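What follows is the residue order along each chain.
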Amino acid sequence: MPETVASWLTTQGLAVVVLRDADDLMAMSLRGRPRAVVLDARTDPAPALAVCRRLKVDSYTAVVPCLTLCAMGEDAFAAAFGAGADEVVREALSDAETRTRVEAMLRRSDRDLVVHPSTRLPGAIEIEMEVQRRLSDGRPFAMCYADLDHFKEFNDRYSYYEGDRVIRILAKILHDVVKGVSGENGFVGHIGGDDFIYVIPIADVQEVCTEIIAVFDSLVPFQYTEADRQAGYFHGKDRRGLLHRVPLMTVSIGVVTNERRAFTHAAQVSELASEMKSYAKTLPGSVFSVDRRGASSVDEESSGRRPSGPFPALGAGALAGEGK
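Predicted, not measured: the structure shown is a model, and the values here were computed from it.

Analysis parameters
- Residues numbered from 1 in each chain as written.
- Predicted model: local features only at pLDDT ≥ 70, side-chain atom pairs only at ≥ 80, totals over all residues.
- Heavy atoms only, no water.
- pLDDT = per-residue confidence, 0-100.
- Contact = heavy atoms within 4.5 Å.
- Core = buried A, V, L, I, M, F, W, Y, C linked by side-chain atoms within 4.5 Å.
- Buried < 20%, exposed > 50% of the residue type's maximum accessible area, 1.4 Å probe, protein only.
- Helix = DSSP H or I, 4+ residues; strand = E, 2+ residues; numbered from the N terminus.
- Expected span 1.5 Å × (residues − 1).
- Arc of directions from axis to C-beta.
- Axes fitted to C-alpha atoms, helices over the stretch in contact; angles between N-to-C directions.
- Parallel < 35°, antiparallel > 145°, perpendicular 65-115°, else oblique.
- Nonpolar A, V, L, I, M, F, W, Y, C, P; charged D, E, K, R; others polar.
- Salt bridge = Lys/Arg side-chain N within 4 Å of Asp/Glu carboxyl O.
- Pairing = 2+ DSSP bridges.
- Phe/Tyr/Trp six-rings, centres within 6.5 Å; stacked < 30°, edge-to-face > 60°.

## Structural notes on the confidence of the model for the chain
For step 1, the next point in the chain: Averaged over all residues, the pLDDT of the chain equals 85, while 90% of them reach at least 70.
For step 2, the next point in the chain: Below a pLDDT of 50 lies the segment residues 297-324, which in the model reaches 63 contacts outside its immediate sequence neighbourhood of four places, other chains included.

Below, the structure written as structure tokens:
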């Protein structure tokens, strides 16, 4: 291994294990995903490129960033990338450029691992980091947890493919509305399935949530057949196998702010947002519910009806249907 690469790996605190057998590398990669794999294709490229292809054909090991060392020729350079290498370092490359290429490869790898493959939105790790950053900065913000209602029944009736399309539609709505209203102060993440998180300034909650619900409710009927759309429901089976009417999908959003509470960790915000989302799902239609409670006391709503249930101080999308 070139001294530049070896020393850089050492400074990163990464233990270097030298393997000369492709099967050993595959076994190690399947047991515990390596931070990176460096393949030496400078003098005998065939075995190195073959193992690179093996790594990249398996979905579990394909995410391991693969750096390939190759000879100076253009053919060798193209062959390394053709085999699936994430980065290629040719002989006689300067130390500075080699380090830059390795660092860029690892950054790309980290970025690809934290985004959802279907929506390309940041995943759980990035969501937690974003909320923690805002807590550390002491900035007031709202964390909003969006979830689809009756999505499982839709998936069962219309297929996984159609369900995935609905998730992408919701992701697009969330991203476009949040960025359109809050700009760079807005963040949208995808936990998984039909669960999404977006973080926005408190002042934008009403506008963002209302717009998201309006756009979703206008688009979702067209994801159904004409017959189901006209009826406003379809017949589906519950978990006991009994037929019942399934309404068209709606979206429920739970909203938590740090305006009246002092959070110390992102997990606390996430837990309360999940609680608020669960409450929103008990209300009919598409709604957003805002937590109005303080850390030690319950604040009364000054207008609108108070929702029933365990959250006496929640704003359910402006309570009686403003959030629809």
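The rest of the description comes next.
## Regarding the nonpolar core
For step 1, the next point in the chain: The biggest cluster of nonpolar side chains holds 37 residues, and the ones touching the most others in it are Tyr198, Met249 and Ile253.
For step 2, the next point in the chain: Taken together, the elements giving at least two residues each to this core come down to β4 (142-149), α7 (151-158), α8 (160-182), β6 (195-200), α9 (205-219), β9 (250-257) and β10 (287-291).
For step 3, the next point in the chain: The biggest single contributor to this core is α8, with eight residues.
For step 4, the next point in the chain: Ignoring anything within four residues of it in the chain, the contact list for isoleucine 253 reads Cys144, Tyr145, Ala146, Tyr198, Cys209, Ile212, Ile213, Ala280, Val287, Phe288 and Ser289.
For step 5, the next point in the chain: Counting residues in each nonpolar core, the second largest holds 17 residues, with Val37, Leu49, Val64 and Val88 among its members.

## What to know about helix α11 (residues 266-280)
For step 1, the next point in the chain: Between its terminal C-alpha atoms α11 stretches 21 Å, which fits the 21 Å expected from 15 residues at 1.5 Å a residue.
For step 2, the next point in the chain: Those residues of α11 not exposed but buried are Ala266, Val269, Leu272, Ala273, Met276, Lys277, Tyr279 and Ala280. For α11, the angular spread of the buried residues around the axis is 155°, confining them to a single face.

## Details of the packing of α7 against α8
For step 1, the next point in the chain: Running from N to C, α7 and α8 cross one another at 140°; their axes reach a closest spacing of 6 Å. The angle between α7 and α8 places the two elements in the oblique class. From α7, Phe151, Phe154, Asn155 and Tyr158 reach across to α8, where they touch Tyr160, Glu162, Gly163, Val166 and Ile167.
For step 2, the next point in the chain: Along the lines of polarity and charge, the residues of the contact of α7 with α8 split into six nonpolar, two polar and one charged.

## Overview of the pattern of salt bridges
For step 1, the next point in the chain: In total, this model carries 22 salt bridges according to the counting rule given.
For step 2, the next point in the chain: Among the ionic pairs, glutamate 226 bridges to arginine 229, the shortest N-O distance being 2.3 Å. Residue glutamate 226 and its partner arginine 229 are both found in helix α10 (residues 226-231); the two are separated by three residues, about one turn of the helix.
For step 3, the next point in the chain: Judged by its relative accessible area of 23%, arginine 229 is partly exposed.
For step 4, the next point in the chain: Arginine 293 is paired through a salt bridge with glutamate 275; the nearest N and O atoms lie 3.1 Å apart. Of the two residues, arginine 293 is situated in the loop between β10 and β11 (314-316) and glutamate 275 in helix α11; the sequence distance between them amounts to 18 residues.
For step 5, the next point in the chain: On the basis of relative accessibility, which here comes to 13%, the residue arginine 293 falls in the buried class.
For step 6, the next point in the chain: For glutamate 275, a relative accessible area of 30% corresponds to the partly exposed category.
For step 7, the next point in the chain: Connected through shared salt-bridge partners, Glu87, Glu97, Arg101 and Arg108 make up one network.

## A closer look at the pairing of strand β2 (residues 66-70)
Put simply, side chains in a regular strand alternate between the two faces of the sheet.
For step 1, the next point in the chain: By the criterion of burial, β2 is predominantly enclosed, with five of the five residues buried.
For step 2, the next point in the chain: Taking every second residue as pointing to the same face, both faces of β2 are buried, with Cys66, Thr68 and Cys70 on one and Leu67 and Leu69 on the other.
For step 3, the next point in the chain: When strand β1 (residues 37-41) meets β2, the two strands line up parallel, connected through five bridges. For leucine 39, the partnering residue across the bridge sits in β2 and is threonine 68.

## Topic: the packing of aromatic side chains
The description of two aromatic rings rests on the distance between their centres and on the angle between their planes.
For step 1, the next point in the chain: Following the criterion strictly, the structure yields six aromatic pairs and no others.
For step 2, the next point in the chain: With centroids separated by 5.1 Å and ring planes inclined at 75°, the aromatic side chains of phenylalanine 154 and tyrosine 224 adopt a geometry described as edge-to-face. Taken as a pair, phenylalanine 154 in helix α7 and tyrosine 224 in the loop between α9 and α10 lie far apart in primary sequence, 70 residues in all.
For step 3, the next point in the chain: Residue phenylalanine 154 is classed as buried on the basis of its relative accessible area, which comes to 0%.
For step 4, the next point in the chain: Relative accessible area serves as the criterion here: at 4%, tyrosine 224 is assigned to the buried category.
For step 5, the next point in the chain: When the centroid spacing of 6.3 Å and the interplanar angle of 85° are considered together, the rings of tyrosine 158 and phenylalanine 234 count as edge-to-face. Of the two residues, tyrosine 158 sits in helix α7 while phenylalanine 234 sits in strand β7 (residues 233-237), which places them 76 residues apart along the sequence. Phenylalanine 234 matches tyrosine 158 in its accessibility class, with the two residues each being buried.
For step 6, the next point in the chain: Members of the aromatic cluster, connected to one another through ring pairs, are Phe154, Tyr158, Tyr224 and Phe234.

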